[in-house]
Amino acid sequence: MVHSFLFVIRVYNQTIPFNIHIKQLSIMKKLNLLAIMAFVFGLSATMTSCSNEAVGTDAQVMSTASDESQAATVSDGVISEADQYVTIAANSGYMAAKSMNETMASTPTVTISSKDSISFPKTITIDFGTTGFTGKRGNILTGKMIVVISEKMWKVGSTKTITYDNFTVNGNKVTGSKVITNNGVNAAKEPSQTVVVKDSITRADGTLVTWNSNRTRTRISNGGTPLDPTDDEFSITGGSEGLNAKGVHYIMAISANNPLIAYNNYPHFVQGSVTMTTEKRSALMDYGDGTKDNLATVTINGVTKTITLKK
């Protein structure tokens, strides 16, 4: 009778069997069972270490910070762009798209499902075409955003749901959805919205970033132009989670004492800090003091580096 031992190890979520026969051991005179076991478990430790390194290096966290920032920037830019055309539609009594287009020097093609101020829900389709339309944040947009509004947007509890049809931002394809709920005004009489996002971004280089978020977006200034939303300023709180371009899961939380600050007419966050956590590392990302630039700092284990923000 030939006896054998079956060893099974788990390495980075994969099962690896090792079947060791006693008869074979007797032939391999220079090896013994303990040596083979040491080899097996040494291999396990080495492979696990490599796996941890893949998801936990400082470079990986820096990459995560860049991917998170890009996804958040793209998402906020979509909301800002959609709000512009929904506001124009509302101010015109949801009349013909031609009336909307006449209020701006250059616009995409905008259609409204029911051209009146009574029938809801309404679908507003914003078609940026295929050649590339430059939005108010300087982003190049193609394809369509479809915005379904449940009720007049000044009503508390009304929603805007944004989906996409072959839509891109600067060559990055966006799929998924956003649901934006009107919360009314806060104690400071500032209008706020709850924004729930489930997005996937296929970047121009072919990599994929998934981004799920639940945030509160509060308008803290109208720029002194109450009828022109393009210079409005927003404070953003909440968090997100997703997968970076290498498939590593992360969680992000915006600092309660230092919320993100965004302008409708600028492509990047200009202020605020967030903490990102992966399986093995955490990092603090800071967008600065309000200066309009494309830079942020990332601090890992006390070491701070400056990164250039992507759009």
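Residues numbered from 1 in each chain as written. Predicted model: local features only at pLDDT ≥ 70, side-chain atom pairs only at ≥ 80, totals over all residues. Heavy atoms only, no water.

**Some thoughts on the overall build of the protein**
Consideration 1: Each helix and strand counted, the protein has four helices and 17 strands in total.
Consideration 2: Taking all 311 residues of the protein together, the buried fraction comes to 42%.
Consideration 3: With the model as given, the accessible surface of the protein reaches about 15,300 Å², and the carbon-plus-sulfur share is 56%. (Helix = DSSP H or I, 4+ residues; strand = E, 2+ residues; numbered from the N terminus. Buried < 20%, exposed > 50% of the residue type's maximum accessible area, 1.4 Å probe, protein only. Areas by Shrake-Rupley, 256 points an atom, 1.4 Å probe, with all protein chains shown as cover.)

**Side note on helix α3 (residues 58-91)**
Consideration 1: Along its 34 residues, α3 runs 49 Å from first to last C-alpha, staying within 8% of the 50 Å computed at 1.5 Å per residue.
Consideration 2: Burial of α3 is extensive: 28 of the 34 residues sit out of reach of the surface.
Consideration 3: The first or second residue beyond α3 is glycine 93, which carries a positive phi of 75°. (Expected span 1.5 Å × (residues − 1).)

**Quick notes on the layout of surface pockets**
Consideration 1: Counted as a void, the largest pocket has a volume near 770 Å³.
Consideration 2: What lines the largest pocket is a set of 29 residues, among which Thr87, Met153, Pro191, Gln193 and Arg219 lie closest to the centre.
Consideration 3: Listed by contribution, the elements that provide at least two residues to the lining of the largest pocket are α3, β8 (172-185), β9 (191-202) and β10 (208-221).
Consideration 4: Taken together, the residues of the lining of the largest pocket sort by class into twelve nonpolar, ten polar and seven charged. (1 Å grid on protein atoms, 1.4 Å probe; cavity = no way out; pocket = protein on both sides within 12 Å on 5 of 7 lines; lining within 4 Å. Points joined across faces, edges and corners; volume = space filled by probe spheres on them. Nonpolar A, V, L, I, M, F, W, Y, C, P; charged D, E, K, R; others polar.)

**Side note on the nonpolar core**
Consideration 1: In this structure, Ile124, Met145, Phe167 and Met285 are the most contacted members of the largest nonpolar core, which totals 52 residues.
Consideration 2: Here this core gets twelve residues from one element, more than from any other, and that element is α3. (Core = buried A, V, L, I, M, F, W, Y, C linked by side-chain atoms within 4.5 Å.)

**Structural notes on the pairing of strand β4 (residues 122-127)**
Consideration 1: Both strand β3 (residues 109-112) and β4 contribute to a ladder of four bridges, which runs antiparallel. Directly across from valine 110, in β4, lies its bridge partner isoleucine 126.
Consideration 2: Sheet topology places β4 next to strand β6 (residues 140-149); six bridges connect them, and they run antiparallel. Residue pairing across strands places threonine 125 opposite isoleucine 146, the latter belonging to β6. (Pairing = 2+ DSSP bridges.)

**Re the pattern of salt bridges**
Consideration 1: For the coordinates displayed, the defined rule picks out eleven salt bridges.
Consideration 2: Across the pair lysine 122 and aspartate 116 runs a salt bridge whose closest N-O atoms are separated by 3.2 Å.
Consideration 3: In this structure lysine 122 comes out as buried when scored by relative accessible area, which is 0%.
Consideration 4: Accessibility expressed as a relative area gives 23% for aspartate 116, which makes it partly exposed.
Consideration 5: Across the pair aspartate 205 and arginine 203 runs a salt bridge, and its minimum N-O distance is 3.9 Å.
Consideration 6: Judged by relative accessible area, which is 56%, aspartate 205 ranks as exposed.
Consideration 7: Each of Asp76, Asp83, Arg137, Lys160 and Arg217 takes part in salt bridges that share partners, so that together they form one network. (Salt bridge = Lys/Arg side-chain N within 4 Å of Asp/Glu carboxyl O.)

**Describing unusual backbone geometry**
Consideration 1: Looking along the chain, the bond that leaves phenylalanine 120 and enters proline 121 is cis, with omega of 0°.
Consideration 2: Checked against the element boundaries, proline 121 lands in the loop between β3 and β4.
Consideration 3: In this model, asparagine 166 sits at a positive phi of 50°, which is unusual for a non-glycine residue.
Consideration 4: By the secondary structure assignment, asparagine 166 is in strand β7 (residues 159-169).
Consideration 5: Look at asparagine 170: it is not a glycine, yet its phi comes out positive at around 55°.
Consideration 6: As for its placement among the helices and strands, asparagine 170 is situated in the loop between β7 and β8.

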